[in-house]
Amino acid sequence: MSIYQIEVRAISEQYDVLARLVAREILQLPTRQLPSLAAICASAAPLSIRSSQLYYLIGDLTPSQIDQLTQQLLIDPVVQEAEVSQKPKAAIAGHIVDVSFHAGVTDTLAESVQAGASMLGITGLEQVETGKRYVLDQRLSMDEVHNITNALLYNPVIQHYVLQNDNGGTRSSVSSSLDANEHTGTTNHAQEDPANRIPTYIRLTDLTGEQLLELSRTGLLALNLDEMCAIQQHYREQGREPTDVELETLAQTWSEHCSHKTFKATIHYRELDSDGNLLEEQTINSLLKQYIMRATQQTKRPWVVSAFNDNAGIVRFTASQDIAFKVETHNHPSAIEPFGGANTGVGGVIRDVLGVSAQPIACTDILCFGPRDTSSEELPPGVLAPRRIASGVVNGVRDYGNKMGIPTVNGAVLYHERYIYNPLVFCGCLGILPHGSHPRRVKPGDRIVVLGGRTGRDGIHGATFSSGEMSS
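Definitions and limits used
- Residues numbered from 1 in each chain as written.
- Predicted model: local features only at pLDDT ≥ 70, side-chain atom pairs only at ≥ 80, totals over all residues.
- Heavy atoms only, no water.
- Phe/Tyr/Trp six-rings, centres within 6.5 Å; stacked < 30°, edge-to-face > 60°.
- Helix = DSSP H or I, 4+ residues; strand = E, 2+ residues; numbered from the N terminus.
- Lys NZ or Arg CZ within 6 Å of the ring centre and 35° of its normal.
- Patch = residues over 30% accessible without salt bridge, like charges linked within 9 Å, V, L, I, M, F, W, Y side chains within 5 Å.
- Areas by Shrake-Rupley, 256 points an atom, 1.4 Å probe, with all protein chains shown as cover.
- Salt bridge = Lys/Arg side-chain N within 4 Å of Asp/Glu carboxyl O.
- Buried < 20%, exposed > 50% of the residue type's maximum accessible area, 1.4 Å probe, protein only.
- Contact = heavy atoms within 4.5 Å.
- Pairing = 2+ DSSP bridges.
- Axes fitted to C-alpha atoms, helices over the stretch in contact; angles between N-to-C directions.

**Observations concerning the packing of aromatic side chains**
Summed over the entire model, instances satisfying the criterion amount to two aromatic pairs. Taking 6.1 Å as the distance between ring centres and 45° as the angle between the ring planes, the aromatic pair formed by F369 and Y415 counts as tilted. With F369 in strand β13 (residues 359-369) and Y415 in strand β14 (residues 408-415), this pair connects stretches of sequence that are 46 residues apart. Over the ring of Y291 we find R294, and its NZ or CZ is 5.9 Å from the ring centre.

**Digging into a nonpolar patch on the surface**
Among the surface-exposed residues, F263, Y291, I292 and F308 lie close enough to one another that they form a single nonpolar patch of about 380 Å² accessible area. For F308, the location among the structural elements is in the loop between β10 (304-306) and β11 (313-316).

**Topic: the environment of A362**
Within the element layout of this structure, A362 appears in strand β13. On the accessibility criterion, A362 (8% relative accessible area) is buried. Residues A362 and G431 lie 69 residues apart in sequence; the distance between their C-alpha atoms is 7.0 Å. Beyond its immediate stretch of four places on either side in the chain, A362 contacts I406, P407, V409, G428, C429 and L430.

**Overview of the sheet that holds strand β15 (residues 424-434)**
Here we have six strands laid out as an open sheet, ordered β10-β11-β12-β15-β13-β14, and mixed in their pairing. With one partner strand each, in any of the chains shown, β10 and β14 form the two edges of the open sheet. Across this sheet, the average inter-strand angle for adjacent strands is 20°, counted without regard to direction. With seven bridges connecting them, β13 and β14 associate as parallel partners. By the bridge assignment for β14, T364 is matched with N410. Strands in contact with helix α14 (residues 386-403) are β13, β14 and β15; relative to β13, the strand with the most contacts, it is inclined by about 175°.

These figures capture arrangement, not role.
This is the structure:
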C-alpha cells in the first residue's frame, strides 16, 4: 500500500483567492505580534502568501489512476495545477505551514474524494486525508509565523499544524505532526464490548453527590445534581450499572439543547423597587407554554397546520400546498469552530424540514457578531476574533446550502460588542409539501432510515456542550 501526496495550487497568484484573503487578514493583526510587517509592506516586494490544497491518497493505485483522479476530480485545469509525489516536499521558498485535521475529526472533503473515485470506477483507493498548505513570506520571523498561524490559519479544537523549512524539513509542530510515515491507512481498534459500561473503577450507583457532579463535568453530560441523582436512583432500582450509551443518551435527551428545561421550568418571579418593596410577584408555569406557545394557541388561525409538535412548523400556502419552516441556533458551536458550527446549523434545519416530508427550497439566517474591528489584544485566551468568527460562519452557511442546491434567499447581520464572546447564529430553512402529505402516526413495522456520513469525534457531545455556559 502506497501513500501519494497531491498538492493542488493556483497556476498564478491572481487565482489564489485564499492567499489574498489571508494577506488582507494579516494586515488586521496587532502590530506588536508582527514587528517585521511594517518593513515588508514598505519594501518594493509586497507581502508574499501562497496557498494550496493537500490530498493524501492511501491505497494501491496505478499512475494512470492517480492522473485520472487528479485531472477529473481534484483540479480545475483552467486555473489550477497539481504536483504528485510519494514523499511530501515543498516547491516554493518560504515558511511552509501544513494544517490538517486531528484524528477522528470529520473530513467531508476526503469523503467526497472517495465517493468520486468510486464513481470513476477506481477501487484501489483505501483512505483519503486532506489538509491546507500555506507558504508565508520568508522575511517573517518564526515567532511571527506562529502568531499568524494561531490567529488565522488553524483551529486547535479540530486541527493541528506543522511548520517546515523550504526544503521540506520539519522545524516544529503543534498538537501532532502530519508526516507521510504516519499515514498508515489503517486504524487498529481493540476488541470492545458493544455495550461498554462506565469505566469499571466507577460504580455510578455508589457515587456520592459530589462524585456524581464530577462525573457529569468530566463526561460533559451537562446534568445537575438532581438529574444525576434521579439517574442513579433509577439504576439502583434496576439493580445494575448503566452502559455508557445509556448514560450518554439520557444526557443528550435531558439536555437544555434538546428538552429546553429553562423554558419548561416553573419560575417564581419577584420584582422589587430600589427600597426593597415588592412590586410584583407571580409563578410562571413554563415560559414556553405561557408566553411562546400561548400566542399561537390563542390566535387559532386556520392556516396554522402544525406548530410546536414536530420537527418544523407547517402553515397553509395554497389550496393544495403547505409551507414548512424551521429555525434553530448554533451559537456555542460557532464560537468554538465558526465554519463547522454554522455549517451544521444549516444542515440541522434542512434535516428538520425534510423531517416533516417537505422539500427544502430556501435558507435564511440572522447572524450577530462582535464588532469587526475588535483587536485580538482585547480578547481573553481562547476567544476567537469577531472577524474570524464572522468569516467562518458566513462561509459555513454558504457552503452547506450551496452544496445541496438550496439558496440562502435573505438574512441579516448585526455587529455589537455584547456578541464578542458568544455569537448568535440563527439558521432557517423553508420547504414546501402537498397539504396533508406528512404522516404523523408511528406504526409497528415502520422503517427508520439514517442518511449521511459517519459522525466524527467533532460531532459527539454537541447537544450537551450547547447546554452549558460559555466560559474559559
